[in-house]
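If you want the building blocks of each chain, they are given just below.
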Amino acid sequence: MKPVARVTYSPALDGVRALAALVVVVHHARVPGSPGGFFGVDVFFVLSGYLITRLLIAEYEREEDLRLARFLMRRVRRLVPALLLMLAVYLLLAPWVFPDVIFSKHLRDAMLTAFYIVNYAPHLGGYVSELAHVWSLAVEMHFYLLWPIVLLGLLRLPSSLAVAIIAMLYISATAWRWWGAENFATPWAFYVRTDTHCSGLLLGCLLGYLNVTIHRYWALAGLLLLAFAITFFSTMWMPTVRYGFTIAEIGAALLLLAQPSWLGWGLLAWLGRMSYGLYLWHYPVMRALRDWVGSEHWLFILIVGGGLGLLGAVMSYYFVERRFYVPGFARLRSSAPARSASREASIPP
């Protein structure tokens, strides 16, 4: 089994991003019936592991090596400018929007976020609240630092052995999460840590290495699994750790392997391209709205918070992200159709 280098743009993957982002937004608005909407982050993780692995394999087969510094610089250019913009606006407005929180805490949280260690904040002096969503960005960045090195070693092994190793890494990460949930003193500290929340990324890496496809009808099964996870599971509940994350990851995997064409419809694909900015901006807005009007006004929070979050995403994408980011797929023009290369989507967390 040999990985294939061809990597082309798939609008359906932008649709997966859009669905994941919308689920997270609905969850943060506290919409009834979405207690497990946080699984949208795990959909992002599976997608990110898949795409990053495909890009790295394609680069390795073209150049017989992985230029790790170049890869990391592309990730920095993709993610950091938009993040710093959001943090700058947050620090400017936080004293007025969250007057009950001392500014030193806002500054501390922003610094932890900017250096991508915010997911270990509970071990560094306290939880992050107004920026509680950015832990996933740190998990992704740690993945970008570590996975290319691991993959470089795996690509020098027989394919069957590499597949077995990645599968074992996924199983081990899942088992470590189970054990941590039952034995760590602070459940939320384990929930946001890279070592205990990397299973989705590793499953995506396995799918990216295998590079197989399944019939598009399997996408329906994926959607049903995700719908079940989103409506049945909730935070701080042990069955969520034991089964919920795995069910959501499998649902995301089925969507990625099937990639039905309807996921690439225009508006959905466009929302997928806005998804990184939407993820960055929506939560502080919704958190402020919840404090002002109360969580029971979820429809108002969803409409106003979601709208302002999307506005921030549009501004971020067209005025910041596109100015700094050089799409990874553009490096692979010799193995992708010329008409598609210029339209390759970004790879947000």
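Residues numbered from 1 in each chain as written. Predicted model: local features only at pLDDT ≥ 70, side-chain atom pairs only at ≥ 80, totals over all residues. Heavy atoms only, no water.

Engineer: What is the right way to read the overall build of the protein chain from this model?
Structural biologist: In terms of regular secondary structure, the protein chain is built from 14 helices and 0 strands. Helices and strands in the protein chain line up, N terminus first, as α-α-α-α-α-α-α-α-α-α-α-α-α-α. Looking at the protein chain residue by residue over its 349 residues, the buried ones come to 56%. Intrachain contacts of the protein chain at a sequence separation of at least 6 include 77% that bridge at least 24 residues. (Helix = DSSP H or I, 4+ residues; strand = E, 2+ residues; numbered from the N terminus. Buried < 20%, exposed > 50% of the residue type's maximum accessible area, 1.4 Å probe, protein only. Contact = heavy atoms within 4.5 Å.)

Engineer: Quick question: what am I supposed to make of the side chain of Ser 275 here?
Structural biologist: Within the element layout of this structure, Ser 275 appears in helix α12 (residues 275-293). With a relative accessible area of 0%, Ser 275 lands in the buried category. Within the structure, Ser 275 has its side chain in polar contact with the backbone oxygen of Gly 272 (distance 2.6 Å). (Polar contact = N/O pair within 3.5 Å; in protein donor to acceptor, adjacent residues only side chain to side chain.)

Engineer: Looking at this structure, I do not really get helix α2 (residues 39-63). What am I missing?
Structural biologist: Residues spaced three or four apart along an α-helix face the same direction, because each turn holds 3.6 residues. When the terminal C-alpha atoms of α2 are compared, their 36 Å separation across 25 residues agrees well with the 36 Å that a helix rising 1.5 Å per residue should span. With 22 of 25 residues buried, α2 is to be regarded as a mostly interior element. Of the residues one or two after α2, Glu 64 is the one with positive phi, at around 60°. (Expected span 1.5 Å × (residues − 1).)

Engineer: Would you mind going over the pattern of salt bridges with me for this structure?
Structural biologist: Pairing is possible between side chains that carry opposite charge, provided their charged atoms lie close to one another. Taken as a whole and assessed by the stated rule, the structure comprises 14 salt bridges. Linking Arg 62 and Glu 63 is a salt bridge whose minimum nitrogen-to-oxygen distance equals 3.8 Å. The class for Arg 62 is partly exposed, based on a relative accessible area of 37%. Arg 242 is paired through a salt bridge with Glu 182; the nearest N and O atoms lie 2.7 Å apart. On the criterion of sequence distance, the pair formed by Arg 242 in helix α10 (residues 238-258) and Glu 182 in helix α6 (residues 159-183) is long-range, its members being 60 residues apart. Since its relative accessible area comes to 34%, Arg 242 is described here as partly exposed. Beyond isolated ion pairs, a larger network of salt bridges with shared partners links Glu 59, Arg 62, Glu 63, Arg 67, Arg 70 and Arg 74. (Salt bridge = Lys/Arg side-chain N within 4 Å of Asp/Glu carboxyl O.)

Engineer: Which parts of the structure should I look at to understand the state of the cysteines?
Structural biologist: Note on terminology: disulfide describes a covalent bond linking the sulfur atoms of two cysteines. Here the structure, examined in full by the defined rule, presents 0 disulfides. Summary of cysteine pairing: Cys 198 is not part of a disulfide, and the nearest cysteine sulfur, belonging to Cys 205, is at 9.4 Å. According to the relative accessible area criterion, Cys 205 is buried, its value standing at 0%. (Disulfide = S-S within 2.5 Å.)

Engineer: Honestly, a nonpolar patch on the surface in this entry has me stumped. Any pointers?
Structural biologist: Side chains of Phe 103, Leu 107, Met 111, Phe 115, Ile 117 and Leu 124 sit close together on the surface and give an oily, nonpolar patch of about 570 Å² of accessible area. Structurally, the position occupied by Phe 115 is in the loop between α4 (103-114) and α5 (135-154). (Patch = residues over 30% accessible without salt bridge, like charges linked within 9 Å, V, L, I, M, F, W, Y side chains within 5 Å. Areas by Shrake-Rupley, 256 points an atom, 1.4 Å probe, with all protein chains shown as cover.)

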